[in-house]
Amino acid sequence: MTNHGGKPDKSIRLWRMLETLREFGTASTTLLQAMTGDMAPATTISDLRKAGVPVGPAIYKGRTSTGRKIYSYSLINKA
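Residues numbered from 1 in each chain as written. Predicted model: local features only at pLDDT ≥ 70, side-chain atom pairs only at ≥ 80, totals over all residues. Heavy atoms only, no water.

Some points on helix α1 (residues 12-24)
Every α-helix carries 3.6 residues per turn, so stepping three or four residues along brings you back to the same face. For clarity, the cut-off: Here a strand is any run of E in DSSP of at least two residues, a helix any run of H or I of at least four, and the numbering for each starts at the N terminus. In this scheme, a helix's expected span is set at 1.5 Å multiplied by one less than its residue total. We call a residue buried when its accessible area falls under 20% of the maximum for its residue type, exposed when it is over 50%, and partly exposed in between, using a 1.4 Å probe and counting protein chains only. The directions considered for the arc run from the helix axis to the C-beta atoms. Should any heavy atoms of two residues lie within 4.5 Å, those residues are counted as being in contact.
Between its first and last C-alpha, α1 extends 18 Å over 13 residues, near the 18 Å set by a 1.5 Å rise per residue. For α1, the complete set of buried residues consists of Leu 14, Met 17, Leu 18, Thr 20 and Leu 21. Seen from one end, α1 has its buried residues packed into an arc of 160 degrees, which puts them on one side. Seen from the open side of α1, the exposed residues pointing more than 90 degrees away from its buried face are Ile 12, Arg 22 and Glu 23. Of the surrounding elements, those touching the buried residues of α1 are β1 (26-28), α2 (29-36), α3 (41-50) and β3 (69-74).

Some details on α2
Thr 29, Leu 32 and Thr 36 are the residues of α2 that are buried. Buried residues of α2, seen end-on, are gathered within an arc of 60 degrees and therefore sit on one face of the element. Phi for Gly 37, located one or two positions after α2, is positive at around 80 degrees.

Points about the packing of aromatic side chains
Where we set the bar: Whether two aromatic rings pair depends on their centres lying within 6.5 Å, for rings of Phe, Tyr and Trp, where Trp uses its six-membered ring; planes under 30 degrees apart make the pair stacked, over 60 edge-to-face, and the rest tilted.
Applying the stated rule across the entire model yields one aromatic pair. Centre to centre, the rings of Tyr 60 and Tyr 71 are 5.6 Å apart; their planes meet at 70 degrees, and the pair counts as edge-to-face. On the criterion of sequence distance, the pair formed by Tyr 60 in strand β2 (residues 59-63) and Tyr 71 in strand β3 is long-range, its members being eleven residues apart. Judged by its relative accessible area of 43%, Tyr 60 falls in the partly exposed class. Note on Tyr 71: relative accessible area 26%, which makes it partly exposed.

Regarding the pattern of salt bridges
For the record, the criterion: Each reported salt bridge corresponds to a side-chain nitrogen of Lys or Arg within 4 Å of a carboxyl oxygen of Asp or Glu.
A full pass over the atoms with the stated rule returns two salt bridges. We note a salt bridge from Asp 47 to Arg 13, for which the minimum N-O separation is 2.7 Å. Of this pair, Asp 47 sits in helix α3 while Arg 13 sits in helix α1, and the two are 34 residues apart along the sequence. The class of Asp 47 is buried, set by a relative accessible area of 4%. With its nearest N and O atoms 2.8 Å apart, the salt bridge here joins Arg 22 to Glu 19. With a gap of three residues between them, Arg 22 and Glu 19 both fall in helix α1, about one helical turn apart. A relative accessible area of 52% places Arg 22 in the exposed class.

Below you can see the structure in the form of structure tokens.
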């Protein structure tokens, strides 16, 4: 089964994630979860990429106190 992502203008989940990235520039998975309520930000980021949104690669930042990995994401400015 193929996942086609979706469109930020038709998906509240994608729209919230995109708006958070626009507002903060760079955001960690924990910030994205707190701001959007999305419990799987990496999946939503993947869907944004499939929709053509220029999101840079995930950058590993460390671990939470419970051992979960933290990554940061940012939009890429296209010239």
